[in-house]
Amino acid sequence: MERERLKSRLGFILISAGCAIGIGNVWKFPYMTGKGGGGAFVLLYLLFLVMLGLPIMTMEFSIGRAARKSPVMAYQKLEPTGSKWHVHGIVALIGNYLLMMFYTTVSGWMLHYFYLTVTGKFEGLDSKGVSDVFENMLSKPTIMIFWMVVVVVAGMFIVSRGLEAGLENITKIVMVTLLVVMIILAINSFFLKGAAEGLKYYLVPNISRIEETGIGNVITGAMNQAFFTLSLGIGAMLIFGSYISNDRSMLGESVTIVILDTFVAIVSGLIIFPATFTYGVDQTSGPALIFITLPNIFNKMPLGRLWGSFFFIFMSFAAFSTVLAVFENIVSCGMDLTKKSRKQVSLFNLILITVLSLPCIFGFSSWSFGWLEPFGGTILDLEDFLVSNIILPLGSLVYLLFCVSRYGWGWDNYLKECNKGEGLKMKNWMRVYLTFILPIIVLFIFVFGIYDKFFK
């Protein structure tokens, strides 16, 4: 059966960018930027994006385009006879399932908060009342199951319709809407009283804050954020490389996607910092920023219900774009492995992912175990650790070594595939860095993540 293709270059860019753009762009990047010295952190982040994320992204895309297979089968077409690179294809598929075991739940949180905001459920609540709403949601599995099922059913329905009619067309709408809503929210933030002070804190380099945080922590923070923001290592980019033509070089397309991902991250800070400075609240990281701090701000803001609704629909779209991309990866792998139709594989995975997502939900109430404390205390934290600290960095390392090693696909094959078509080209002189230096940096990120989690 002839492999499906994306209809347009725009579809490829928006789908790939949608996979990279996620809720971490919004709740982590602005906080780390402020803590890490403002503009100085942004510059480091951009430097590491070019050094780390960009080349590995070109490798995932190149493997996909050369093999014209899903991640679980791509190695088998390109690897030398008798080698075992294809084992990583199975690990990558497991990583996709693990990611969706908690990401569907968190995506459901965004939809729930959009519903609460647009219907005025936060109006009249004090700070404790807003905090109680979040705790109440976590203590009631039925609420989270409902919204998780909405996410899974909607996502699998779209993917089941086919690559062009489903995923490509819907992602274009989702991503364009996301970007428009972001710009509207940022413009509104510029007119808040604390805008100047917030933007100064966010974007102007501040040496004292770098010294307070520690230059080593700032550098490793920027490195980690740049590395993990692009969702590399589980074949989420490889699959879309398998759907595109040879008209454009992979470096040029990767640069465009990185720019879009960075735009969302930076504009998220432009939305959040003016608001936090206007209303005198701390710039907290993680779920507290999204689910406690910002609803309190919207309560105090003129037309807060409107702006809060805009914000949570933006967050819902950011999360859902990633869900769609990973669902496509899972379904494509299933089609390659079982030779079943797209609709059959989608229906099977609708049921499977719904069931697999339940432990994350019950982990906030009845399924709470002491042995989870080192990971953060919940099943979600364990699943996030396995994906973010193990599968993503080690998977990226495998893709990297596969493309530069003579025991894998090899540098010459990678360079030839990467440079097909118009656009920016990888150069042969980059081989020394990609072969001998970048693997050490990726290995450092992996080791540092383990150290930071258990021994710091």
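Before reading on, note that the structure itself is shown above.
One structure accompanies this document, and this report is about it. Please read all numbers here as calculations on a predicted model, not as lab measurements. (Residues numbered from 1 in each chain as written. Predicted model: local features only at pLDDT ≥ 70, side-chain atom pairs only at ≥ 80, totals over all residues. Heavy atoms only, no water.)

Attention now moves to the overall build of the protein chain. Tallying secondary structure elements over the protein chain gives 21 helices and 0 strands in all. Taking 23 Å as the expected radius of gyration for a compact globule of 456 residues, we find that the protein chain reaches 21 Å, a close match to that expectation. Each principal axis of the C-alpha distribution contributes one length, and for the protein chain these read about 65 × 50 × 45 Å. Expressed as a percentage of its 456 residues, the buried residues of the protein chain come to 59%. The long-range fraction of contacts in the protein chain, counting pairs at least 24 apart against all pairs at least 6 apart in sequence, stands at 83%. For the protein chain, the accessible area works out to roughly 18300 Å², and carbon and sulfur atoms hold 67% of it. Taking the 34 positively charged and 27 negatively charged side chains of the protein chain as two groups, their mean positions are separated by 6 Å. (Helix = DSSP H or I, 4+ residues; strand = E, 2+ residues; numbered from the N terminus. Rg over C-alpha atoms; globule rule 2.2 N^0.38 Å. Buried < 20%, exposed > 50% of the residue type's maximum accessible area, 1.4 Å probe, protein only. Contact = heavy atoms within 4.5 Å. Areas by Shrake-Rupley, 256 points an atom, 1.4 Å probe, with all protein chains shown as cover. Lys, Arg positive; Asp, Glu negative; His and termini not counted. Charge placed at Lys NZ, Arg CZ, Asp CG, Glu CD.)

To continue, consider the side chain of Arg342. By the element assignment, Arg342 lies in helix α17 (residues 342-356). In terms of polar contacts, Arg342 uses its side chain to reach the backbone carbonyl oxygen of Val159, at 3.0 Å. For Arg342, the contacting residues outside a window of four places in its chain are Glu4, Val159, Ser160, Gly162, Leu163, Tyr243, Glu328, Val331 and Met335. (Polar contact = N/O pair within 3.5 Å; in protein donor to acceptor, adjacent residues only side chain to side chain.)

Moving on, we get to the packing of helix α6 (residues 87-118) against helix α19 (residues 379-404). Packing of α6 against α19 leaves a shortest axis separation of 9 Å and a crossing angle of 140 degrees. Considering the relative orientation of α6 and α19, their crossing is left-handed. Contact residues: His88, Val91, Ala92, Gly95, Leu98, Leu99, Met101, Phe102, Val106 and Trp109 in α6; Leu380, Glu383, Asp384, Leu386, Val387, Ile391, Gly395, Val398 and Tyr399 in α19. Among the residues making up the contact of α6 with α19, the classes are represented as 14 nonpolar, 3 polar and 2 charged. (Axes fitted to C-alpha atoms, helices over the stretch in contact; angles between N-to-C directions. Left-handed = near helix turned anticlockwise from the far one by under 90°. Nonpolar A, V, L, I, M, F, W, Y, C, P; charged D, E, K, R; others polar.)

Taken as a whole, this structure holds 1 cavity of 30 Å³ or more when the rule is applied. What lines the largest cavity is Leu185, Asn188, Ser189, Ile271, Ile272, Ala275, Leu294, Phe298 and Met301. Among the secondary structure elements, those contributing two or more residues to the lining of the largest cavity are α9 (163-190), α14 (250-278) and α15 (287-300). Tallied by class, residues from the lining of the largest cavity come to 7 nonpolar, 2 polar and no charged. (1 Å grid on protein atoms, 1.4 Å probe; cavity = no way out; pocket = protein on both sides within 12 Å on 5 of 7 lines; lining within 4 Å. Points joined across faces, edges and corners; volume = space filled by probe spheres on them.)

So, about the pattern of salt bridges. Enumeration according to the criterion identifies 10 salt bridges in this entry. For Arg65, the salt bridge goes to Glu417, with nearest N and O atoms at 2.8 Å. One end of the pair, Arg65, is in helix α4 (residues 39-67); the other, Glu417, is in helix α20 (residues 411-418), with 352 residues separating them in the sequence. A residue is classified by how much of its surface remains accessible, and Arg65, at 2% relative accessible area, is buried. On the basis of relative accessible area, Glu417 is assigned to the buried category, the value being 6%. One connected set of salt bridges, linked through shared partners, spans Arg9, Arg248, Glu253 and Glu422. (Salt bridge = Lys/Arg side-chain N within 4 Å of Asp/Glu carboxyl O.)

Now for α17. For α17, built from 15 residues, the straight-helix expectation of 21 Å at 1.5 Å per residue is met to within 8% by its first-to-last C-alpha distance of 20 Å. Within α17, the full set of buried residues consists of Arg342, Val345, Ser346, Asn349, Ile353 and Thr354. Summarising the axial view, the buried residues of α17 lie within an arc of 155 degrees, below the 170-degree limit, and thus occupy one face. Opposite the packed face of α17, turned more than 90 degrees from it, sit the exposed residues Leu347, Phe348 and Ile351. (Expected span 1.5 Å × (residues − 1). Arc of directions from axis to C-beta.)

What follows concerns a nonpolar patch on the surface. Side chains of Ile183, Ile187, Phe190, Phe191 and Phe263 sit close together on the surface and give an oily, nonpolar patch of about 510 Å² of accessible area. Here the nonpolar patch takes 3 residues from α9, the largest share from any one element. Its place among the elements puts Phe191 in the loop between α9 and α10 (195-203). Phe191 sits in the exposed class, given a relative accessible area of 70%. (Patch = residues over 30% accessible without salt bridge, like charges linked within 9 Å, V, L, I, M, F, W, Y side chains within 5 Å.)

Here we come to the nonpolar core. It is characteristic of soluble globular proteins that their nonpolar side chains tend to be buried jointly. Core analysis: the biggest nonpolar cluster contains 151 residues, and Ile63, Met100, Trp109, Ile290, Phe311 and Phe314 have the highest contact counts within it. Sequence-distant contacts of Phe314, defined by excluding residues within four places in its chain, comprise Val26, Leu178, Val181, Met182, Leu185 and Ser268. (Core = buried A, V, L, I, M, F, W, Y, C linked by side-chain atoms within 4.5 Å.)

Looking now at the packing of helix α8 (residues 141-160) against helix α16 (residues 304-338). The contact between α8 and α16 brings their axes to 9 Å, and the two run at 55 degrees. Between α8 and α16, the angle is such that the two are oblique. The two elements α8 and α16 cross, and the hand of that crossing is right-handed. Across the interface between the two elements, Val151, Val152, Ala154, Gly155, Met156, Ile158 and Val159 from α8 touch Phe320, Val323, Leu324, Phe327, Glu328 and Val331 from α16. Counted by class, the contact of α8 with α16 contains 11 nonpolar, 1 polar and 1 charged residues. (Parallel < 35°, antiparallel > 145°, perpendicular 65-115°, else oblique.)

Turning our attention to the packing of aromatic side chains. Counted by the stated rule, this structure contains 35 aromatic pairs. On the basis of an interplanar angle of 80 degrees and a centroid distance of 5.0 Å, the ring pair of Phe146 and Trp147 is categorised as edge-to-face. Counting every residue linked through ring pairs, the aromatic cluster contains Trp109, Tyr113, Phe122, Phe134, Phe291, Phe298, Phe311, Phe312, Phe314 and Phe364. The residue whose ring lies beneath Arg209 is Tyr201, and the NZ or CZ to ring-centre distance is 3.9 Å. (Phe/Tyr/Trp six-rings, centres within 6.5 Å; stacked < 30°, edge-to-face > 60°. Lys NZ or Arg CZ within 6 Å of the ring centre and 35° of its normal.)

Take Ile330: it is sitting in helix α16. Measuring from C-alpha to C-alpha, the distance between Ile330 and Val72 comes to 9.4 Å, with 258 residues separating the pair along the chain. Apart from residues lying up to four places away in sequence, Ile330 is in contact with Leu93, Asn96, Tyr97, Met100, Asn349 and Ile353.

In the Ramachandran plot, Arg68 falls in the positive-phi region, its phi being about 55 degrees despite a non-glycine side chain. Take Arg68: it is sitting in the loop between α4 and α5 (71-78). According to the relative accessible area criterion, Arg68 is buried, its value standing at 17%. Within the chain, Lys339 stands out as a residue other than glycine whose phi angle is a positive 65 degrees. Of note, Lys339 is situated in the loop between α16 and α17. Exposure remark for Lys339: the relative accessible area of 65% places this residue in the exposed category.

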